[in-house]
Amino acid sequence: TVLYSSQSWFSRYCETILSLLSLVSSRLPLKVLYQDCEEYRTVLTKLENQDSLENAALDDEIEALRREEQELIQQLQEVSDEHVKVTEELAQLEVKEKELDYEEELLFREINKYEHRIAEVKAQSNCLDDELKYAEKQLERLKKTNVYNAVFHIWHEGHFGTINGYRLGRLPTFNVEWEEVNAAWGQTALCLQSLANGTGHIFQKYQIVPFGSTSYILDGENKLPLYTNGGLRLFWDAKYDQGMVAFLDCLKQFLDFLEKKGSFRYPYKIDKSKIGDQKGFYSIKLHFNSEEQWTKSLKYTLTNLKWALTFVVQHKLAKTSD
């Protein structure tokens, strides 16, 4: 473009010179014209040389600009490639971010689930702690409570000895039913056998079999009842008396066993089928005996049993877990 512009200018310049020469030649001498012509040639040569230099400079500048253009195009391509690469990495990071967001959500759900479970376990643990404290208090209370005193309450009610509220004996003026007497004998047998089991005592000859209102004592193969229905059969069957005598013998064995353990004494002495003190002895047999004396012997029997129970409890001789 620059070259084309220079040639156009030069052509107009030459045309102008020729026009002037034509004008001058018609008015000036030929010699002068030659001089002017030389001067114009000199100027024209200078201008041509100047144009050549300027064109060379322009060509160099154009070449430099082309090289710069190529470098910029190359840089643009590199930047474009880098942009594509960064765009791909950004897309991958966005995918990874979504995956991490999903995993984070799952993790928060799991955390919430575990925190909820921890809260439940903590609540259960607190409940168990409360239950344990309550159980420990109950255990301490139970340790201070002896099972024999809790299970067997031996006392008296007027002329009658009682065990757990059941009267043991009969009087003409107090018609105690035989069912109550039988129940009282069942509790009495259970108490003595429990004390023997707890202290490790084994009865000689006899075996007490507590069986509620139909308890009995075994003498070998012979079954001696501690219960009766009364009536005429009572006076013809001596086994009821034999059972009570056998029980009195077992009680004396246990009382003697406790005497060997320490300073234990019981208030009423036992001599075979009789029990009493210096004021008198009373038979535990019902045959050929009055109900008053029989009932008093039973009351003395329960009293001795009460003393044995108290001694065992106070001296912690029995294993209550048995």
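Owing to the predicted nature of the structure, the values given are computational and were not obtained by experimental measurement.

Peer 1: A description of the overall build of the chain should follow, citing residues and the corresponding values.
Peer 2: From N to C terminus, the chain includes seven helices and nine strands. For the chain, the proportion of its 322 residues judged to be buried stands at 29%. Restricting to contacts in the chain with at least 6 residues of sequence separation, those with at least 24 account for 56%. Accessible surface for the chain amounts to roughly 22500 Å². Of this, 55% is attributable to carbon and sulfur atoms.

Peer 1: Go over unusual backbone geometry with me, naming the residues and quoting the values.
Peer 2: For Lys-205, which is not a glycine, the phi torsion comes out positive at approximately 75°. Mapped onto the elements, Lys-205 comes out in the loop between helix H4 (178-199) and strand S4 (206-209). For Lys-272, which is not glycine, the phi dihedral falls at a positive 55°. One can find Lys-272 in the loop between strand S7 (269-271) and strand S8 (274-277).

Peer 1: So what's going on with a negative patch on the surface? Which residues, and what values?
Peer 2: A surface patch of like charges, here negative, comprises Glu-78, Asp-81, Glu-82, Glu-88 and Glu-89. If you trace the backbone, Glu-78 turns up in helix H2 (residues 30-144). Overall, the relative accessible area of 47% leaves Glu-78 in the partly exposed class.

Peer 1: Explain the environment of Lys-299 residue by residue, including any values.
Peer 2: Mapped onto the elements, Lys-299 comes out in helix H7 (residues 291-314). For Lys-299, a relative accessible area of 23% corresponds to the partly exposed category. Spatially, the C-alpha atom of Lys-299 lies 9.3 Å from that of Arg-167, the residues being 132 residues apart in sequence. What Lys-299 contacts, discounting residues up to four positions off in sequence, is His-156, Gly-158, His-159, Phe-160 and Gly-161.

Peer 1: If you had to explain the sheet that holds strand S2 (residues 160-163) to someone new, which residues and values would you point to?
Peer 2: Pairing in this open sheet of three strands is antiparallel, and the strands run S1-S2-S3 from one edge to the other. Both edges of this open sheet fall to strand S1 (154-157) and strand S3 (166-168), since each of them pairs with a single strand only. The mean inter-strand angle of the sheet, taken between neighbouring strand axes irrespective of direction, is 40°. Here S1 runs beside S2; their pairing, made up of four bridges, is antiparallel. Within S2, the position partnered with His-156 by the bridge is Gly-161. Across the face of the sheet, H4 comes into contact with S1, S2 and S3 while running at roughly 90° to S3. Each of S1, S2 and S3 is contacted by H7, which is oriented at about 45° to S2, the strand it contacts most.

Peer 1: Lay out the environment of Phe-174 with the relevant residues and their values.
Peer 2: Positionally, Phe-174 belongs in the loop between S3 and H4. Considering only alpha carbons, one finds Phe-174 and His-159, 15 residues apart in sequence, at a separation of 9.8 Å.

Peer 1: Explain the packing of aromatic side chains to me, and be specific about the residues and the numbers.
Peer 2: Counted according to the given criterion, the structure contains nine aromatic pairs. Taking 3.8 Å as the distance between ring centres and 10° as the angle between the ring planes, the aromatic pair formed by Tyr-268 and Tyr-300 counts as stacked. Remark: Tyr-300 occurs in helix H7 and Tyr-268 occurs in the loop between helix H6 (239-259) and S7; sequence separation between them is 32 residues. Here the two residues Tyr-268 and Tyr-300 agree in accessibility, since each one is buried. Taken together, the ring pairs in this structure connect Trp-178, Tyr-240 and Trp-294 into an aromatic cluster. Lying over the aromatic face of Tyr-216, Lys-223 brings its terminal NZ or CZ to 4.3 Å of the ring centre. In this structure, Lys-269 packs its charged tip against the face of Tyr-266, placed 5.2 Å from the ring centre.

Peer 1: Give a detailed account of the packing of H6 against H7, specifying residues and quantitative values.
Peer 2: Contact geometry of H6 with H7 gives a least axis separation of 11 Å together with a crossing angle of 30°. In terms of their interaxial angle, H6 and H7 are classed as roughly parallel. For the pair H6 and H7, the sense of crossing is left-handed. Across the interface between the two elements, Tyr-240, Met-244, Phe-247, Leu-248, Leu-251, Phe-254, Leu-255 and Leu-258 from H6 touch Trp-294, Thr-301, Asn-304, Leu-305, Ala-308, Phe-311 and Val-312 from H7. When the residues that make up the contact of H6 with H7 are grouped by side-chain class, the tally is 13 nonpolar, two polar and no charged.

Peer 1: How would you sum up the side chain of Thr-188? Please name residues and give values.
Peer 2: Mapped onto the elements, Thr-188 comes out in helix H4. When near neighbours in sequence (up to four residues on either side) are disregarded, Thr-188 contacts Ile-163, Leu-168, Phe-247, Leu-302 and Leu-305.

Peer 1: Describe in detail the nonpolar core, supporting the description with residues and values.
Peer 2: The biggest cluster of nonpolar side chains holds 52 residues, and the ones touching the most others in it are Trp-185, Leu-192 and Phe-254. Going through the elements one at a time, S2, H4, S4, H6 and H7 are the ones with two or more residues in this core. Ranked by residues supplied to this core, first place goes to H6 with 11 residues. Beyond its immediate sequence surroundings of up to four residues, Phe-254 is in contact with Leu-192, Leu-195, Ala-196, Thr-199, His-201, Phe-203, Ala-308 and Val-312.

Here is what the cut-offs are and how they apply
- Residues numbered from 1 in each chain as written.
- Predicted model: local features only at pLDDT ≥ 70, side-chain atom pairs only at ≥ 80, totals over all residues.
- Heavy atoms only, no water.
- Helix = DSSP H or I, 4+ residues; strand = E, 2+ residues; numbered from the N terminus.
- Buried < 20%, exposed > 50% of the residue type's maximum accessible area, 1.4 Å probe, protein only.
- Contact = heavy atoms within 4.5 Å.
- Areas by Shrake-Rupley, 256 points an atom, 1.4 Å probe, with all protein chains shown as cover.
- Patch = residues over 30% accessible without salt bridge, like charges linked within 9 Å, V, L, I, M, F, W, Y side chains within 5 Å.
- Salt bridge = Lys/Arg side-chain N within 4 Å of Asp/Glu carboxyl O.
- Lys, Arg positive; Asp, Glu negative; His and termini not counted.
- Charge placed at Lys NZ, Arg CZ, Asp CG, Glu CD.
- Pairing = 2+ DSSP bridges.
- Axes fitted to C-alpha atoms, helices over the stretch in contact; angles between N-to-C directions.
- Phe/Tyr/Trp six-rings, centres within 6.5 Å; stacked < 30°, edge-to-face > 60°.
- Lys NZ or Arg CZ within 6 Å of the ring centre and 35° of its normal.
- Parallel < 35°, antiparallel > 145°, perpendicular 65-115°, else oblique.
- Left-handed = near helix turned anticlockwise from the far one by under 90°.
- Nonpolar A, V, L, I, M, F, W, Y, C, P; charged D, E, K, R; others polar.
- Core = buried A, V, L, I, M, F, W, Y, C linked by side-chain atoms within 4.5 Å.

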